[in-house]
Amino acid sequence: MPAGLLESLRAALPHVTGFIYPNELELQWSVLIVLYPYLTGLVAGAFILASLERVFNVAAVKPTYRLSLLTALAFLLIAPLPLQAHLGHPERSLEIFMTPNTSSAMAMFGFVYTWYLMAVLLMEIWLDYRREIVEWSRTEAFWPKRLFYKVLTFGVTNISPRSLEIDDKLGKAITVIGLPSAVLLHGYVGFIFGSLKANPWWSTPLMPVIFLFSAMASGIAGVLLIYMFLCRLRRVPIDMPCLDTVAKYLLTAIIVAFSLEMLETIQTAYEAKDHFDIITLLVEGKLFISMFIVQIAMGSLVPMLVLGLNQLFLFPERVRRACYAVSAGLSLIGILAMRWNVVMGGQLFSKSLRGFTTYKLELAGREGLLAAAVLTVLPLFVLAALLYLLPPWAHGGSARAAKSPSA
Amino acid sequence: MSRRQFLKSAALTALALAGRAVAAPLAAAEKFFHEPPWKRKKPYWAYAIDTTKCIGCARCVGACKTENDVPREPFYFRTWVERYVIRRSGETNVDSPNGGQDGYPPVRDPGEVSKSFFVPKLCNQCEHSPCVQVCPVGASYKTEDGVVMVDRKYCIGCRYCVQACPYGSRYFHPVLQVADKCTLCYHRIQKGLRPACVEVCPTGTRMFGDRSDPASAISKFMETERLMVLRPEMGTEPKVAYKGLDKEVR
């Protein structure tokens, strides 16, 4: 019995408005399930940004290529933790591999996750860094690091031009495979919600697509902010053509995501089915701040306006940097709010369409605000470790990497 | 025989065996799911509720909690009773204090009420069960005699099935940390007893029986009465049939 559960439920009972089924008082999916699609979204978005350079030959974003891959890896390593912490029996989670139910969308998570981690991200990072890993395994002064790099070579120490060329081709092929894998990984998260016909707030074929494009926006925004922060930290100039291009793609992703969300909203309002009344009360009441103010106004309209103005007029570099940083930050917050509105919004109203339960975000506990905050910040520490071990700005004269001067 | 021919023969043989291994259970499943319930040889449990008889005493709720060790708190129910009060103005009020066990508050304007009634609810043991569909590990399953169950030793506690149920019939057990739901008192019906809620109902609102037996009382009831199920538009094919269900009931 989780500590304080019954007390919090008793405290929530008087706050029920209208009628809810008696089993619906407790919200089943908590803030950790808000976090989970947010983190996997950052993974998918960061990887798609990396694919721009590798598959679609957008040369301007090369300085963010390796950083995107490492960011995706850092968030991917942490993404299952909210799910694991949320399970009633986390020690049984391996059953999802041993006896997956083929009719369940959730059952494929373990396989898609493992495939994406092992066959896509790790392979691509290894192939791109292989030359540096071999060199570092010979020249690194700090012996534990040298040992780490030596292990990481897996015995492949050939760095002749021919072998590097093969690496490049293999890496490109893996990125091509990785794109649908990233789409699958995050589209499936949207499908988990969109395929539940019991909940009218979730049940829509557009849900996987909306999740995917908002994931692209959050991933690109995340990498943009991290890139700017790292350049400032290392006191090296920011590559403005790269930043301008990333910001342009961020604007595109936000526009598409926002359009899809508004299309969904307008269609729901226009159809006005039997659930429309309760959903209107939901978005005008409990979700008003997080939806209209945070998600739509601050998270979508303001970034679109700011980034759009930067496309129309040529502002000084300092102004552009500030605009990009603010837009990316607001976009990240807006997409987190969107995840909250989807997950929590769908649970706050009763499936009888006659009332609302309530949710109080506790500070402590396994599913409290502190746990969520730790899980949100933890990927940044993983990223710091990855940047220490595999600095993306060290190019050591590699023929491919030498085309660009900075990280 | 050359190596190539041998390998070819071996592969073809393996394919044939695999095909047969897959085809047999598929054919059996196809036959099972398409055969009408009354033609099955094994019992196929059915449940019916006559809402015109329910007096809202909620003895069924207490009996269910006692029989199945459901937590006593007013947040966890395998079955509950809802009261509907419909006014002349068309306004509908629904309540179910502690599943109906705490009684119902007096109506403040009885002169304005056009009708009021009670509706017992429980798991519908759906034929096309969304909770079985979404379970990632197969802990939720449907038995051959039509009852949807949860394997408590296998459930990982992801709560996806609770979300997937359109009737609010599932809850998450706070102590066991697994999903839980009405099983029609499976341990009782296997011994020829009736579910606890049917056993204690003083007015015969709740009916339970073998739908595959044409002579059973429930088969006669279902064949002669005009019945409705909860939320038929969901396509779940609920097995709990209701007599006298008002359009306001969801």
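All values reported here derive from a predicted model rather than from experimental measurement. Within each chain, residues carry numbers counting from 1 in the order of the written sequence. By the order in which they are written, chains take letters starting at A while ligands take numbers starting at 1. Since the coordinates come from a predicted model, pLDDT governs what is reported: local features require at least 70, and pairs of side-chain atoms require 80 or more to be given and counted, while whole-chain, interface and lining totals use all residues. Side-chain calculation: all heavy atoms of the structure are included, whereas hydrogens and water are not.

1. Brief notes about the side chain of Gln-163 of chain B
Each helix is a run of H or I in the DSSP string that is no shorter than four residues. Each strand is a run of E no shorter than two, and both are numbered from the N terminus. By the secondary structure assignment, Gln-163 of chain B is in helix H4 (residues 160–164). Polar contacts, as used here, are pairs of N or O atoms within 3.5 Å; protein pairs need one atom able to donate a hydrogen and one able to accept it. Residues neighboring in sequence count only if both atoms are side-chain atoms. Side chain to side chain, Gln-163 of chain B and Gln-347 of chain A meet in a polar contact 2.8 Å long. By the convention used here, residues are in contact when the closest approach between their heavy atoms is within 4.5 Å. Excluding its chain neighbours within four sequence positions, the residues that come into contact with Gln-163 of chain B are Gln-28, Trp-29, Leu-196, Ala-198, Trp-202, Gln-347 and Lys-351 of chain A.

2. Re the pattern of salt bridges
All names here are of chain A. In the sections that follow, a salt bridge refers to a side-chain nitrogen of Lys or Arg positioned within 4 Å of a carboxyl oxygen of Asp or Glu. Counted by the stated rule, this structure contains 31 salt bridges over all chains. Here Glu-165 makes a salt bridge to Lys-169, at a shortest N to O gap of 3.7 Å. Of the two residues, Glu-165 and Lys-169 are both situated in helix H8 (residues 161–194); the distance of 4 residues between them amounts to about one turn of the helix. Under the relative-accessibility criterion, Glu-165 is labelled partly exposed at 39%. Among the charged side chains, a network of salt bridges with common partners joins Arg-54, Arg-66, Glu-124, Asp-128, Glu-132 and Asp-168. Between buried and exposed lies partly exposed: a residue is buried under 20% and exposed over 50% of the maximum accessible area for its type, with that area taken using a 1.4 Å probe on protein chains only.

3. Digging into unusual backbone geometry
A positive phi is found at Ala-272 of chain A, a non-glycine position, where the angle reads about 50°. Unlike most non-glycine residues, Glu-237 of chain B shows phi in positive territory, near 50°. Here Glu-237 of chain B lies in the loop between strand E10 (227–228) and strand E11 (240–243).

4. Details of the side chain of Thr-236 of chain B
Looking at the secondary structure, you find Thr-236 of chain B in the loop between E10 and E11. Here Thr-236 of chain B falls in the buried class, since its relative accessible area comes to 0%. Not counting chain neighbours up to four residues away, the residues in contact with Thr-236 of chain B comprise Lys-197 of chain A together with Cys-126, Glu-127, His-128, Pro-130, Pro-166 and Tyr-167 of chain B.

5. So, the interface of chain B and chain A
Taken together, the contact pairs 52 residues of chain B with 45 residues of chain A. In total, chain B and chain A occlude about 4,100 Å² of area from one another, counting both sides; carbon and sulfur atoms represent 52% of this. At the boundary of chain B with chain A, the tally comes to 2 salt bridges. Taken together, the links from chain B to chain A amount to 30 residue pairs in polar contact (both at pLDDT 80 or more). Those elements that place two or more of their residues in the side of chain B that touches chain A are strand E2 (79–87), strand E3 (92–95), helix H3 (130–134), H4 and strand E7 (171–172) of chain B. Tallying contributions element by element places H4 of chain B first for the side of chain B that touches chain A, with 4 residues. Here the residues of the side of chain B that touches chain A are counted per class, giving 30 nonpolar, 11 polar and 11 charged. Here the quantity called buried area is the total loss of accessible area, with a 1.4 Å probe, experienced by two parts when brought into contact, counted for both. Amino acids are sorted into nonpolar (Ala, Val, Leu, Ile, Met, Phe, Trp, Tyr, Cys and Pro), charged (Asp, Glu, Lys and Arg) and polar (every other residue, Gly among them).

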